[in-house]
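# Report on the structure
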Amino acid sequence: MRDPLDHAPSSPEDTSLHRIGWKEYVDLPELGIYQLKAKVDTGARTSALHVSALEEIEPRDDGSSWLEIRVPLDRHGTREAVARVRMTGETRVTDSGGHAEMRPIIETEVVLGPVCKRIPLTLTDRRGMLFRMLLGRKCLEGDFLVDVGRKYLLGNRPGKASRVAPTCAVGQELSGKG
C-alpha cells in the first residue's frame, strides 16, 4: 500500500517542508542543551521545556527579568544544564487535563534537523512526563510536516558535531539553503 505522505508536492510550498516524526532530537544551543528528546505536539500552540528550578535573578524596570533555570537532561535528574535566560513575558496555558497555569516565556534558538530558528518557549514543571520538551504548532509551522506514525525521521541521535553548529538567522537552514 502506498504511503499517502509520499506524494508529489501539490504546491511549491510543499517542497520546503521537512517531514518529521512524533518525536525527534533537538538542540537548544543558547541553553547548552543538545540531543534532547522532544515530543511533537500539534495539539499544543506553544512549545514547553521542563525546568526543575527557576529563580529570578535580575528584575528589570520594563517588566522583563533574567532567570536562572535548571533543566534535567535525563529522566533521573543525574545531569542538568544551568542557564541564564531573559524572560520576555508570561502566558496562561491550559494543559490536556484542563489545569491552567501561568508560565514564564523565553525566546531561544532551536535546532531541529536542518532548521534553526528562534522560538518562544514556556517553562514549566514536566516532572513525571516522558519528554522534557514539547514542540508546539508555532515552532513547527512553515517548516515541518508531521508523520504521526513515525519517529526520528531527521535521524538518530546527533553526534558531537551538533554541539559546534553555528548560530543561525531566523528560519535559516544549517545546510545553507534557508
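In the block above lies the structure referred to throughout.
What you see is a predicted model; the values in this text were computed from it and never measured. (Residues numbered from 1 in each chain as written. Predicted model: local features only at pLDDT ≥ 70, side-chain atom pairs only at ≥ 80, totals over all residues. Heavy atoms only, no water.)

## Here we look at the packing of aromatic side chains
- According to the stated counting rule, one finds two aromatic pairs in the structure shown.
- Their ring planes at 80° and their centres at 6.0 Å tell us that Trp22 and Phe131 sit as a pair that is edge-to-face. Here the residue Trp22 occupies a position in the loop between strand 1 (18-21) and strand 2 (23-28), and Phe131 occupies one in the loop between strand 9 (115-124) and strand 10 (133-135), the gap between them amounting to 109 residues.
- Phe131 gets classed as buried once you look at its relative accessible area, which sits at 9%.
- Here the aromatic rings of Tyr25 and Tyr152 are separated by 4.7 Å at their centres, their planes lie at 15°, and the arrangement is stacked. Taken as a pair, Tyr25 in strand 2 and Tyr152 in the segment after strand 11 (144-147) lie far apart in primary sequence, 127 residues in all.
- With a relative accessible area of 13%, Tyr25 lands in the buried category. (Phe/Tyr/Trp six-rings, centres within 6.5 Å; stacked < 30°, edge-to-face > 60°. Helix = DSSP H or I, 4+ residues; strand = E, 2+ residues; numbered from the N terminus. Buried < 20%, exposed > 50% of the residue type's maximum accessible area, 1.4 Å probe, protein only.)

## Digging into unusual backbone geometry
- A positive phi angle, close to 60°, is found at Gln35, a residue other than glycine.
- Position of Gln35 relative to the elements: it lies in strand 3 (residues 33-40).
- Even without glycine at this site, Tyr152 takes up a positive phi of about 50°.
- In this structure Tyr152 comes out as buried when scored by relative accessible area, which is 16%.

## Remarks on the layout of surface pockets
- Reported here for the largest pocket is a volume of approximately 560 Å³.
- Every residue lining the largest pocket is counted, 24 residues in all, and those nearest its centre are Asp95, Ser96, Arg103, Arg126 and Leu134.
- Elements supplying a minimum of two residues to the lining of the largest pocket: strand 7 (80-94) and strand 8 (100-112).
- Looking at the lining of the largest pocket, the element that brings in the most residues is strand 7, giving four residues.
- Considering only residue class, the lining of the largest pocket consists of eight nonpolar, seven polar and nine charged.
- As a volume, the second largest pocket reaches approximately 280 Å³.
- Every residue lining the second largest pocket is counted, 14 residues in all, and those nearest its centre are Lys37, Leu73, Asp74, Arg75 and Leu130. (1 Å grid on protein atoms, 1.4 Å probe; cavity = no way out; pocket = protein on both sides within 12 Å on 5 of 7 lines; lining within 4 Å. Points joined across faces, edges and corners; volume = space filled by probe spheres on them. Nonpolar A, V, L, I, M, F, W, Y, C, P; charged D, E, K, R; others polar.)

## Looking at the pattern of salt bridges
- Taken as a whole and assessed by the stated rule, the structure comprises nine salt bridges.
- Of the charged contacts, one joins Arg84 and Glu68 as a salt bridge, the two residues approaching to 3.6 Å between their closest N and O atoms. Of this pair, Arg84 sits in strand 7 while Glu68 sits in strand 6 (residues 65-72), and the two are 16 residues apart along the sequence.
- Residue class for Glu68 comes out buried when judged on its relative accessible area of 18%.
- It is possible to trace a salt-bridge network through shared partners that takes in Glu30, Glu107 and Arg118. (Salt bridge = Lys/Arg side-chain N within 4 Å of Asp/Glu carboxyl O.)

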